[in-house]
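Residue-level structure breakdown
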Amino acid sequence: MINLTKFYIYVWLLIIMPSHTFAQFKLKKVEEFTINTLEDLDILDYFPSKNIYLGYIKSSKGNDIALVNAEGEIVIKKNLVGEGPNQSISHINCMAFSKDGDIWLQSTTHVLLYDQELVLKERFSYPSSLSVQIRGSKEYFPYFYQDGLESGFSYITNPSNVNPFSNNIDLDKNLIEIYTPNIDKLFKIAPAADRKMYKRFSNSLISSLYFIKYRIDNSNNRLYLTTRLDDEITVYNLNTHMLLARLKVNHGEFNVLGVSSISRQDLPSIDGISLGAKNHQLFLLDEGQIILDYVKEIPYGIYEQKKALDPYYHHFSDPSFHRLILFDQKKQLSGDIPMPESGHLMTSLPGNRLLFKIKNPDFEEDFIRYEIYQIVKK
């Protein structure tokens, strides 16, 4: 009788306990700085040896590229879009520091290299089967060196956080297009049909597979890739173009991924505005660790309350609906990690740190606040 009682207790515990348990992590604030400007400035990259940040200023007159030091001083800023000899003739989508501290900019047609005085050093065009222009934001420029060779400089032509194939639903499409200038060759990898989710989508939702979220680790030439509606991160070797791993994602709250056959009716929305969850961004940390930033679904009632206070409200831009998940190269390490209050994740930094732009929605400040948090175990 005692053994039978123990058996029932064991079964009951299996039922009530979560199927996945993870180590407990949190964000610990370690540093902060302010940028004394009334302009809106986002930071995308960091160059450790000079302790300097690369960002851009958003304004109605276009975007200025800016360098900011560790004290929050804007060292230099310039609008680099125009018809001048030092400018890009087309819109800039992506930017990043080069390995030597110069600045790569990627437009819809060209890649440009600037020094830290924002003087043009090099410019070259590239072929692409895509034509993508990002509005209102910029992405990290995704480059690497094929087989670690200087002559193997390569980059992805389609930026992260875009859906370049929305008007061409074709499961034979590859999600990533790579260009190597030295040999003037395009490579296409990561077929949409290779993703496990595609069998669960109705035809009307297949294009969601094309809304890509990725990050390159150019220290070991690996690509980490997911899509807007996805429960895995796939890892590719950029030297061989081979699939290396599939990292299963167990979101804390992403209800639609639990549906066996997903149609558009399963995605909550109102007046064309999505209320659903989505994978938002990927970032890389030390020792091969990965951070996924995803957005939870917002209940209809809460959305209506928020909308009444702010007619431009969207939960995708609300940090209280964002969660972080930590991975290593083999598996998920954490459950959901909340964002700092009013914190918008900009980029990762050495030392397993994350840079957040703090934007209080209740009042405007005459400066921009940035805070740095380290991921630590509780």
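In case you missed it, the structure is sitting above this.
Quick caveat: nothing in here was measured; it's all calculated off a predicted structure.

**Section: the side chain of Thr 347**
Structurally, Thr 347 is set in strand β25 (residues 343-349). One polar contact links the side chain of Thr 347 to the main-chain carbonyl oxygen of Leu 44, over a distance of 3.4 Å. Thr 347 has contacts with Leu 44, Phe 283, Leu 354 and Leu 355, leaving out every residue within four places of it along the chain.

**Re the sheet that holds strand β11 (residues 143-145)**
Taken in spatial order, the four strands make up an open sheet running β11-β12-β13-β14, and their pairing is antiparallel. Strands at the two margins of the open sheet, each flanked by one partner only, are β11 and β14 (185-191). Averaged over all pairs of adjacent strands, the angle between strand axes in this sheet comes to 30°, irrespective of strand direction.

**Regarding the pattern of salt bridges**
Throughout the structure, instances matching the rule amount to 22 salt bridges. A salt bridge links Asp 40 to Lys 359, with the shortest nitrogen-to-oxygen separation between them at 3.9 Å. Highlighted residues: Asp 40 in strand β2 (residues 40-47) and Lys 359 in the loop between β26 (353-358) and β27 (368-377), separated in sequence by 319 residues. Given the relative accessible area of 22%, Asp 40 is considered partly exposed. Sharing partners across several salt bridges, the network here consists of Asp 40, Asp 42, Lys 58, Lys 357 and Lys 359.

**What about the nonpolar core?**
Tyr 224, Ile 233, Phe 254, Ile 290 and Phe 327 are the most contacted members of the largest nonpolar core, which has 21 residues in total. Contributions of two or more residues to this core are made by β17 (232-237), β21 (278-284), β22 (290-295) and β23 (322-327). Beyond its immediate sequence surroundings of up to four residues, Tyr 224 is in contact with Lys 213, Tyr 214, Arg 215, Asp 217, Ile 233, Thr 234, Val 235, Leu 282, Leu 284, Ile 290 and Gln 329. Residues Leu 54, Tyr 56, Leu 80 and Met 95 belong to the second largest nonpolar core, which totals 17 residues.

**Some words on the sheet that holds β21**
Taken in spatial order, the four strands line up as β21-β22-β23-β24 in an open sheet, and their pairing is antiparallel. Two strands close off the open sheet at either side, each with one partner strand: β21 and β24 (337-338). Relative to β24, β23 runs antiparallel, the two being bridged by two bridges. Note on β24: the bridge partner recorded for Leu 324 is Ile 337.

**A word on unusual backbone geometry**
Phi is positive for Leu 118, which is not a glycine, with a value near 60°. Structurally, Leu 118 can be placed in the loop between β8 (110-114) and β9 (120-125). Look at His 241: it is not a glycine, yet its phi comes out positive at around 65°. Along the chain, the position of His 241 falls in the loop between β17 and β18 (243-248).

**Here's the deal with the pairing of strand β12 (residues 153-156)**
Side chains of β12 alternate between two faces, with Phe 153 and Tyr 155 and Ser 154 and Ile 156 buried alike. Looking at chain direction, β11 and β12 are connected through three bridges and run antiparallel. What sits directly across from Tyr 145, in β12, is Phe 153. Both β12 and strand β13 (residues 174-180) contribute to a ladder of two bridges, which runs antiparallel. Across the sheet, residue Tyr 155 finds its bridge partner in β13, namely Tyr 179.

**Structural notes on the pairing of β2**
Among the eight residues of β2, seven are classified as buried, and the element is accordingly described as predominantly covered. One ladder, built from seven bridges, connects β2 with strand β3 (residues 52-59); its direction is antiparallel. Among the inter-strand pairings, Phe 47 is bridged to a residue of β3, identified as Ile 52. Linking two consecutive strands that pair antiparallel, namely β2 and β3, is a turn of four residues; a positive phi of about 55° is found at Asn 51 within it.

Conventions used here
- Residues numbered from 1 in each chain as written.
- Predicted model: local features only at pLDDT ≥ 70, side-chain atom pairs only at ≥ 80, totals over all residues.
- Heavy atoms only, no water.
- Helix = DSSP H or I, 4+ residues; strand = E, 2+ residues; numbered from the N terminus.
- Polar contact = N/O pair within 3.5 Å; in protein donor to acceptor, adjacent residues only side chain to side chain.
- Contact = heavy atoms within 4.5 Å.
- Pairing = 2+ DSSP bridges.
- Axes fitted to C-alpha atoms, helices over the stretch in contact; angles between N-to-C directions.
- Salt bridge = Lys/Arg side-chain N within 4 Å of Asp/Glu carboxyl O.
- Buried < 20%, exposed > 50% of the residue type's maximum accessible area, 1.4 Å probe, protein only.
- Core = buried A, V, L, I, M, F, W, Y, C linked by side-chain atoms within 4.5 Å.

Remember that the coordinates give geometry; whether it matters functionally is a separate question.
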